[in-house]
Amino acid sequence: MEFVLIDMFSLAMDKMKDLRLEETVIRSELFDVDGVPLAEPIARIWDQVWKFKARPDDVLIATYAKAGTTWTQEIVDMIQQNGDTEKCKRETTYKRHPFLEWYCAEPPSARYSGLELAEAMPSPRTMKTHLPVQLLPPSFLEQNCKIIYVARNAKDNLVSYYHFHRMNKGLPDPGTWEEFVQKFMTGKVPWGSWYDHVKGWWKAKHKHRILYLFYEDMKENPKREIQKIAKFLEKDLSEEVLNKIVHNTSFEVMKENPMANYTKDFEGIMDHSISPFMRKGIVADWKNHFTVAQNKKFDEDYEKKMSDTSLVFRMEL
Ligand code: PPS
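Residues numbered from 1 in each chain as written. Predicted model: local features only at pLDDT ≥ 70, side-chain atom pairs only at ≥ 80, totals over all residues. Heavy atoms only, no water.

Peer 1: Would you take a moment to explain the packing of helix 13 (residues 222–232) against helix 14 (residues 239–248) for this structure?
Peer 2: If you want to describe how two helices pack, look at the angle between their axes and the distance between the axes. Look at helix 13 against helix 14: their axes get within 10 Å of each other, and the N-to-C directions meet at 115 degrees. Where helix 13 crosses over helix 14, the two elements pack in a sense that is right-handed. On helix 14, the residues touching P222, K223, I226 and Q227 of helix 13 are E239, L242, N243, I245 and V246. Of the residues assigned to the contact of helix 13 with helix 14, the class counts are 5 nonpolar, 2 polar and 2 charged. (Axes fitted to C-alpha atoms, helices over the stretch in contact; angles between N-to-C directions. Helix = DSSP H or I, 4+ residues; strand = E, 2+ residues; numbered from the N terminus. Left-handed = near helix turned anticlockwise from the far one by under 90°. Contact = heavy atoms within 4.5 Å. Nonpolar A, V, L, I, M, F, W, Y, C, P; charged D, E, K, R; others polar.)

This is the structure we're talking about:
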């Protein structure tokens, strides 16, 4: 009897917690900025984002959301700190590297302005963005900043984005899995079309200082890809430091690192009990989500949308 009472009490507490979250956090709407849907707070400050002044020694990590940003951020920081894990734990990922366009005023516990953080940061700065290349503040290209772009195959990117929408109340409601697949295919998701994003940055890499990487290559051979990043950043790493970076940026280690796993950020916005930020970190998880019919429809549409690019993705290893 006692057990039943306690259980009912905890259920009631959970319910109250849910209600509190719903009351304080209203899921964001999307607003069109030059044809790209962005979260309402970003659209509101768009003029300031566009006018952002990059400095020549800035490094920018650009990705479509859920393509491996946080992983790349940790790799870059570890390279810059010459493998010193303590220095990399000075702050959470979110604060070490300003998320350029992200703006969130409410709730106060999750207040964040990427612009303010970046402007106050001494050089050399490393920043993150999910903007498609046509919305990148022009100063980054004018200043010839180094940009690392990471792309992930569409199906795994979609799966990761779906679970992220479920757990992150800063994003619109994803609807059902079926509905979300449709939204992704039509680009009606934050930061817009995956297809335009990966193709746009791919085209830009021919003209600008952009290192274009793939999540699948990083999974296949992290050491090789970390070496590529180090070379791009003009950093010499000893074999010992390189191995240390490989180890400390593995999914298993990062999942347990509170400075990289987002458990210390976005209190009341991200609910890791619904789906952890560090969810699976694998290639081909899409096979556990797509039905045969969904896969067929997706492939047909994919072929059309990707027919005008030389860009090729691996959907499995
Ligand atoms: S965000 O919110 O856009 O910045 O998310 P992002 O960091 O781009 O992507 C999150 C996904 O990357 C996985 N991840 C990793 N995979 C492999 N190795 C490491 N070290 C790693 N760190 C993060 C994370 O688990 C998310 O993918 P899914 O498929 O959801 O697990």
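Peer 1: What am I meant to see in the nonpolar core here?
Peer 2: Generally speaking, a soluble globular protein has its nonpolar side chains buried in company with each other. Ranked by size, the top nonpolar core spans 99 residues in total, and within it W102, I148, W194 and F298 carry the most contacts. Looking at this core, the element that brings in the most residues is helix 9 (residues 154–167), giving 7 residues. Contacts of I148, omitting those with residues within four sequence positions, involve V59, L60, I61, A62, T72, V76, L211, L213, I229, F232 and L233. (Core = buried A, V, L, I, M, F, W, Y, C linked by side-chain atoms within 4.5 Å. Buried < 20%, exposed > 50% of the residue type's maximum accessible area, 1.4 Å probe, protein only.)

Peer 1: Any chance you could explain the environment of D285 here in plain terms?
Peer 2: Tracing the sequence through the fold places D285 in the loop between helix 15 (251–255) and helix 16 (292–305). Remark: the alpha-carbon pair of D285 and M315, spanning 30 residues in sequence, is separated by 9.5 Å.

Peer 1: Explain the site of the ligand to me, please; I cannot follow it from the model alone.
Peer 2: What surrounds the ligand is a group of 22 residues, the closest being T69, T70, S160, Y215 and K280. A distance of 2.9 Å separates an oxygen atom of the ligand from a polar backbone atom of K66. Here an oxygen atom of the ligand and a backbone polar atom of K280 are 2.7 Å apart. For the ligand, whose free accessible area comes to 640 Å², the fraction covered by protein is 98%. (Near = heavy atom within 4 Å. Polar contact = N/O pair within 3.5 Å; in protein donor to acceptor, adjacent residues only side chain to side chain. Areas by Shrake-Rupley, 256 points an atom, 1.4 Å probe, with all protein chains shown as cover.)

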